[in-house]
Amino acid sequence: MHFFSSDFKLGILGGGQLGKMLLYETRKWDVYTKVMDGSPDAPSRIASNEFTQGDLMDFDAVYNFGKDVDVLTIEIENVNVDALEKLEQEGKTVYPSSRTLRTIQNKASQKLFYVDNNIPTAPFTRFAYTSEIEDSISNGGLQLPFVWKSAQFGYDGQGVKIVRTVEDLQTLPNVECIGEQMVDFKNELAVIVARSAKGETVTYPVVEMEFHPEANQVEYVICPARIAPEVAEKAQNVALKVSEGFGHVGLLAVELFQTQDDEILVNEVAPRPHNSGHYSIEASYTNQFEQHIRAILGLPLGKTDSKVAGIMVNLVGAEGHTGEVVYENIDSILELKGVTPHIYGKKQTRPFRKMGHVTIVNEDMAEARKLAQTVKETIKVISQ
């Protein structure tokens, strides 16, 4: 099949910032794209060849959209999987597959997948409703504190809560969920695995993630992770085992815990480009978005090595600010060497909303980390 400057049409479900950055690559290669998103102001609207406004969870909307493209992919997991399955049955190419996505969409199913495939993960208990948890605690089945996770529709730190007292349960929605044992970890790590439609597989270097304590969002992604080589190798091997188990096509971001005794546990996965790979735009030979396009089109996979040390700083809406966005002091960070801001195109800010990111590249990791701290302290995402 001819993909470049041709009648081939790539469909993308989701038009957020990940979709927008995927479109940088399709524009570079002149691959025709069609995007669907629920918002008329989605960041991907201006960069796609065709844009359709539609509900990603609506069967008919997804099915009718998918019928009009040659290959269908996603930039967000919350899409109607039944529609994807029907499209596959009718011969459409969908990556990741509906089978893979159905397992990953539900955190309880995802955790059971790890158990069934002998993949190390934190112990957990599955509940049909949050209201069942109090009885489990009373009967000794679940011990405080633990991490509560909504089985479905969690995203960017939403749907996750540390439960320290029984009273904390009263603030949570009464939905299908899991109670997960808290992990005493040294580091939160991630590995992105790329698997092509032809079966070729590569991994990116292990990255280290630093999270905001309140929003449960990544603040910094550091590549390479500041860990021992043998721990990095173990993390990549676990990620490859997860990838092999799912048999996905495209990217799979595998989030991991490094325990105090250097064991590696899988936290969760995302079958798409991921926040932990944004550093690759400036730091890698092949960035994650180009790699995803290569993988789903069955093209040779690109080199994953980093050219230099890279750090990504998330730009999120400041607390207390809701409304039309202003990026305060952006000119000051542009004066710093090796610093590149990426603005997602969301006109409205609110507390902790992802509005952009900044990459910092430097031959010296320590210097890159200092610059990242300066960036974080300088730029402010506020409202008018």
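All figures in this text were calculated on a predicted structure; none of them were measured in a lab.

**Student:** I'd love a proper account of the nonpolar core, names of residues and values included.
**Tutor:** The biggest cluster of nonpolar side chains holds 23 residues, and the ones touching the most others in it are Val-242 and Leu-256. Among the secondary structure elements, those contributing two or more residues to this core are helix 5 (107-116), strand 10 (185-195), helix 7 (229-246), strand 14 (250-259) and strand 15 (264-270). If sequence neighbours within four positions are ignored, Leu-256 has contacts with Asn-187, Glu-188, Leu-189, Val-191, Ala-235, Val-238, Ile-264, Leu-265, Val-266 and Asn-267. One finds Phe-8, Leu-23, Tyr-95 and Tyr-344 within the second-largest nonpolar core, a separate group that totals 22 residues.

**Student:** How would you summarise the packing of helix 3 (residues 81-89) against helix 4 (residues 98-105) if you had to cite specific residues and measurements?
**Tutor:** Relative to each other, helix 3 and helix 4 sit at 165 degrees, their axes nearing to 9 Å. Our classification of the angle between helix 3 and helix 4 gives roughly antiparallel. Judged by the sense of rotation from one axis to the other, the crossing of helix 3 with helix 4 is left-handed. Where helix 3 approaches helix 4, its residues Val-81, Asp-82, Leu-84, Glu-85 and Glu-88 are matched on the opposing element by Ser-98, Leu-101, Arg-102 and Gln-105. Per-class residue counts for the contact of helix 3 with helix 4 are three nonpolar, two polar and four charged.

**Student:** How would you summarise the sheet that holds strand 7 (residues 146-150) if you had to cite specific residues and measurements?
**Tutor:** One open sheet accounts for four strands, arranged 6-9-7-8; its pairing is antiparallel. Each having just a single partner strand, strand 6 (124-127) and strand 8 (160-163) make up the two edges of the open sheet. Adjacent strand axes in the sheet meet at a mean angle of 20 degrees, parallel and antiparallel pairs treated alike. Of the strand pairs in this sheet, strand 6 and strand 9 (residues 177-181) are connected by four bridges, and their pairing is antiparallel. Following the sheet pairing, Thr-125 is matched in strand 9 by Gly-179.

**Student:** I'd love a proper account of the pattern of salt bridges, names of residues and values included.
**Tutor:** In this structure the tally under the stated criterion is 21 salt bridges. The closest approach of N and O atoms between Glu-268 and Lys-107, which form a salt bridge, is 4.0 Å. Of the two residues, Glu-268 sits in strand 15 while Lys-107 sits in helix 5, which places them 161 residues apart along the sequence. Several salt bridges share partner residues, and in doing so they unite Lys-107, Lys-111, Lys-149, Glu-180 and Glu-268 into one network.

**Student:** A description of the packing of helix 1 (residues 17-29) against helix 9 (residues 288-296) should follow, citing residues and the corresponding values.
**Tutor:** With their axes 9 Å apart at the nearest point, helix 1 and helix 9 run at an angle of 70 degrees to one another. Overall, the two elements helix 1 and helix 9 adopt an arrangement that is roughly perpendicular. Read as a crossing pair, helix 1 and helix 9 show a hand that is right-handed. Touching Leu-18, Met-21, Leu-22, Glu-25, Thr-26, Lys-28 and Trp-29 of helix 1 are Phe-289, Glu-290, His-292, Ile-293 and Arg-294, all from helix 9. Along the lines of polarity and charge, the residues of the contact of helix 1 with helix 9 split into six nonpolar, two polar and four charged.

**Student:** How would you summarise the pairing of strand 13 (residues 218-223) if you had to cite specific residues and measurements?
**Tutor:** For strand 13, a buried count of six out of six residues is recorded, marking the element as mostly surrounded by other parts of the structure. For strand 12 (residues 207-211) and strand 13, the ladder comprises four bridges, and the chain directions are antiparallel. Within strand 13, the position partnered with Phe-211 by the bridge is Val-218. Pairing between strand 13 and strand 16 (residues 309-316): four bridges, direction antiparallel. If you follow Ile-222 over to strand 16, its bridge partner there is Ile-311.

**Student:** Describe the environment of Tyr-63, with residues and values.
**Tutor:** Within the element layout of this structure, Tyr-63 appears in helix 2 (residues 59-67). On a C-alpha basis, the gap between Tyr-63 and Lys-149 in space is 30 Å, while along the polypeptide they are 86 residues apart. Apart from the residues within four sequence positions on either side, Tyr-63 is in contact with Ala-83, Lys-86, Leu-87 and Glu-90.

**Student:** Explain empty space enclosed by the protein to me, using residue names and the numbers behind them.
**Tutor:** This structure, assessed with the given rule, holds two cavities of 30 Å³ or more. Its boundaries defined by the atoms lining it, the largest cavity holds a volume of some 40 Å³. Surrounding the largest cavity, His-212, Gln-217, Val-218, Glu-219, Asn-314, Val-316 and Lys-376 form its lining. Residue assignment for the lining of the largest cavity shows that the elements contributing at least two residues are strand 13 and strand 16. Along the lines of polarity and charge, the residues of the lining of the largest cavity split into two nonpolar, three polar and two charged. Its boundaries defined by the atoms lining it, the second largest cavity holds a volume of some 30 Å³.

**Student:** Lay out unusual backbone geometry with the relevant residues and their values.
**Tutor:** Working note: non-glycine residues mostly have negative phi, and peptide bonds are mostly trans. With an omega dihedral of -5 degrees, the bond running from Tyr-95 to Pro-96 counts as a cis peptide bond. Note on placement: Pro-96 falls in the loop between strand 5 (93-94) and helix 4. Residue Pro-145 follows Leu-144 across a cis peptide bond; omega there is -10 degrees. Within the secondary structure, Pro-145 is located in the loop between helix 6 (133-138) and strand 7. Even without being a glycine, Asp-30 presents a positive backbone phi close to 55 degrees. Examined against the element boundaries, Asp-30 turns out to sit in the loop between helix 1 and strand 2 (32-37). You will see that Asn-118, though not glycine, has its phi angle at about 55 degrees, which is positive. Among the structural elements, Asn-118 can be located in the loop between helix 5 and strand 6. Judged by its relative accessible area of 63%, Asn-118 falls in the exposed class.

The rules behind each value
- Residues numbered from 1 in each chain as written.
- Predicted model: local features only at pLDDT ≥ 70, side-chain atom pairs only at ≥ 80, totals over all residues.
- Heavy atoms only, no water.
- Core = buried A, V, L, I, M, F, W, Y, C linked by side-chain atoms within 4.5 Å.
- Buried < 20%, exposed > 50% of the residue type's maximum accessible area, 1.4 Å probe, protein only.
- Helix = DSSP H or I, 4+ residues; strand = E, 2+ residues; numbered from the N terminus.
- Contact = heavy atoms within 4.5 Å.
- Axes fitted to C-alpha atoms, helices over the stretch in contact; angles between N-to-C directions.
- Parallel < 35°, antiparallel > 145°, perpendicular 65-115°, else oblique.
- Left-handed = near helix turned anticlockwise from the far one by under 90°.
- Nonpolar A, V, L, I, M, F, W, Y, C, P; charged D, E, K, R; others polar.
- Pairing = 2+ DSSP bridges.
- Salt bridge = Lys/Arg side-chain N within 4 Å of Asp/Glu carboxyl O.
- 1 Å grid on protein atoms, 1.4 Å probe; cavity = no way out; pocket = protein on both sides within 12 Å on 5 of 7 lines; lining within 4 Å.
- Points joined across faces, edges and corners; volume = space filled by probe spheres on them.

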